[in-house]
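Chains, contacts and geometry: an overview
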Amino acid sequence: MTIDLGTPRLLEDSEREVLLAAPRGYCAGVDRAVVTVEQALDLYGAPVYVRKQIVHNKHVVANLESRGAIFVEELTEVPPGATVVFSAHGVSPAVVNEAAERELKTIDATCPLVTKVHREAVRFAADGYTILLIGHAGHEEVEGTAGEAPEQTVLVEHPDDVARLEFPPDAKLAWLSQTTLSVDETMETVRRLRAKFPQLEDPPSDDICYATQNRQVAVKEIGAAADLVIVVGSANSSNSVRLVEVALEAGAKASYRIDDVSELDESWLDGAATVSVTSGASVPDHLVTEVLAYLAERGYPDARAVQTAEETLAFSLPKELHRDLKAAGRSTKTAVRL
């Protein structure tokens, strides 16, 4: 049965606006990882193998594949002696050891902010703590961090999971988190953990990375009064998925994640006066530009940028690649490309 909801009211041009989040898209860790694969291909020649997706964006992966990168799930797919890049999400010590046993030339493109969490896990484990790791099961970053101390790590996926945890009053407990989570949900999980386990130790500094936090703050700003929030990012991108959730929690009437403009549904625009646009931390900005062009073709004005933070952080290339580039007289600089 079809229910007639009537014809949506046509909007006047003066009623329409497009808000564009700033910052959005590539963060320093993603830029470093993508440049690492590009530079490795230029320096060593194809193929260069990459364990898992270098970042969680299918367009980035497809572009690197077209240049000669080969993405694999496990190191057993990499020929002995070949060059392999570890993704931005990090790997466990077991993976590092396996690469050494197979005599692979490794380049570690783990985001330095993820590496920081690994070091915290090592330190807490060495001091006899049980680590309550807040994150999503199966995510590469969580697997890598937990792999630093697998016997002392307990995964906590949601605030409601806290109720099932049981530890003696004198247990040494510390919490860490995946870097790409919802800030608000993570803090709610920590609040419940601390209420149940007053002895809980905090990490030395926030584990949720600056870029994730900045993009969530920005989407709250552009989403609060929006009829529609469009988030550009792939389905396996944790930070992109979180942006949709944060937009809805902030008050957006509707929010959708798309990989690119081809996934836009024109019916989403029915009655949508304010359309806000953002993108996850692994999304090249040309994908956002194509969305804005789509909106312009349908009568929406040029986007108004809403700036909530400035990002100037840049990371140096992995030491293995930096050394080889320097020896070859090549540039070793990276820059965030929007």
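These lines cover the structure that appears in this document, whether it is placed above or below. Here the structure is a predicted model, which means the values were calculated and not measured.

1. A few points about the environment of Lys 333
Along the polypeptide, Lys 333 turns up in the segment after α10 (319–327). Placed 301 residues apart in sequence, Lys 333 and Arg 32 show a C-alpha to C-alpha distance of 9.5 Å.

2. So, helix α4 (residues 112–126)
In this model, α4 (15 residues) spans 21 Å end to end at C-alpha, consistent with the 21 Å of a helix rising 1.5 Å per residue. Listed in full, the buried residues belonging to α4 are Val 114, Val 117, His 118, Glu 120, Ala 121, Phe 124 and Ala 125. For α4, the angular spread of buried residues about the axis comes to 160°, placing them on one side. Exposed and oriented more than 90 degrees from the buried face of α4 are Arg 119 and Ala 126. At the exit of α4 stands Gly 128, carrying a positive phi of roughly 85°.

3. Comments concerning the nonpolar core
Soluble, globular proteins show a tendency: their nonpolar side chains are buried together. If you look at the biggest cluster of nonpolar residues, it comprises 29 residues, and the most contacted ones within it are Val 37, Ile 54, Val 55 and Val 85. Elements with a contribution of two residues or more to this core: α1 (28–44), β2 (48–51), α2 (58–66), β3 (69–72) and α10. Here this core takes eight residues from α1, the largest share from any one element. Leaving out residues up to four positions away in the same chain, Val 85 has contacts with Thr 36, Val 37, Val 48, Tyr 49, Val 50, Arg 51, Ile 54, Ile 107 and Ala 109. Ile 230, Ala 272, Val 291 and Tyr 294 belong to the second-largest nonpolar core, a separate cluster that totals 20 residues.

4. Re the sheet that holds strand β7 (residues 153–156)
Here three strands make up an open sheet; going across it, the order is β7-β6-β8 and the pairing parallel. At either end of the open sheet lies a strand with only one pairing partner, and these are β7 and β8 (173–177). Averaged over all adjacent pairs, the angle separating strand axes in this sheet is 25°, with direction ignored. Sheet topology places strand β6 (residues 130–134) next to β7; four bridges connect them, and they run parallel. In the strand pairing of β7, Leu 133 is matched with Leu 155. Strands in contact with α4 are β6 and β8; relative to β8, the strand with the most contacts, it is inclined by about 170°.

5. Looking at the pairing of β6
Extensive coverage of β6 is indicated by the burial of four of its five residues. Relative to β8, β6 is paired through five bridges, and the arrangement is parallel. Considered in β8, the bridge of Ile 131 is made with Ala 174.

6. Looking at the pattern of salt bridges
According to the stated counting rule, one finds 24 salt bridges in the structure shown. As a salt-bridge pair, Lys 116 and Glu 120 come within 2.9 Å of each other at their nearest N and O atoms. Of the two residues, Lys 116 and Glu 120 are both situated in helix α4; the distance of four residues between them amounts to about one turn of the helix. With relative accessibility at 5%, the residue Glu 120 sits in the buried group. In this structure, Arg 215 and Glu 311 form a salt bridge, with 2.8 Å as the shortest nitrogen-oxygen distance. With Arg 215 in helix α7 (residues 210–223) and Glu 311 in the loop between β12 (304–307) and α10, this pair connects stretches of sequence that are 96 residues apart. The exposure class assigned to Arg 215 is buried, which follows from its relative accessible area of 1%.

Cut-offs applied
- Residues numbered from 1 in each chain as written.
- Predicted model: local features only at pLDDT ≥ 70, side-chain atom pairs only at ≥ 80, totals over all residues.
- Heavy atoms only, no water.
- Helix = DSSP H or I, 4+ residues; strand = E, 2+ residues; numbered from the N terminus.
- Expected span 1.5 Å × (residues − 1).
- Buried < 20%, exposed > 50% of the residue type's maximum accessible area, 1.4 Å probe, protein only.
- Arc of directions from axis to C-beta.
- Core = buried A, V, L, I, M, F, W, Y, C linked by side-chain atoms within 4.5 Å.
- Contact = heavy atoms within 4.5 Å.
- Pairing = 2+ DSSP bridges.
- Axes fitted to C-alpha atoms, helices over the stretch in contact; angles between N-to-C directions.
- Salt bridge = Lys/Arg side-chain N within 4 Å of Asp/Glu carboxyl O.

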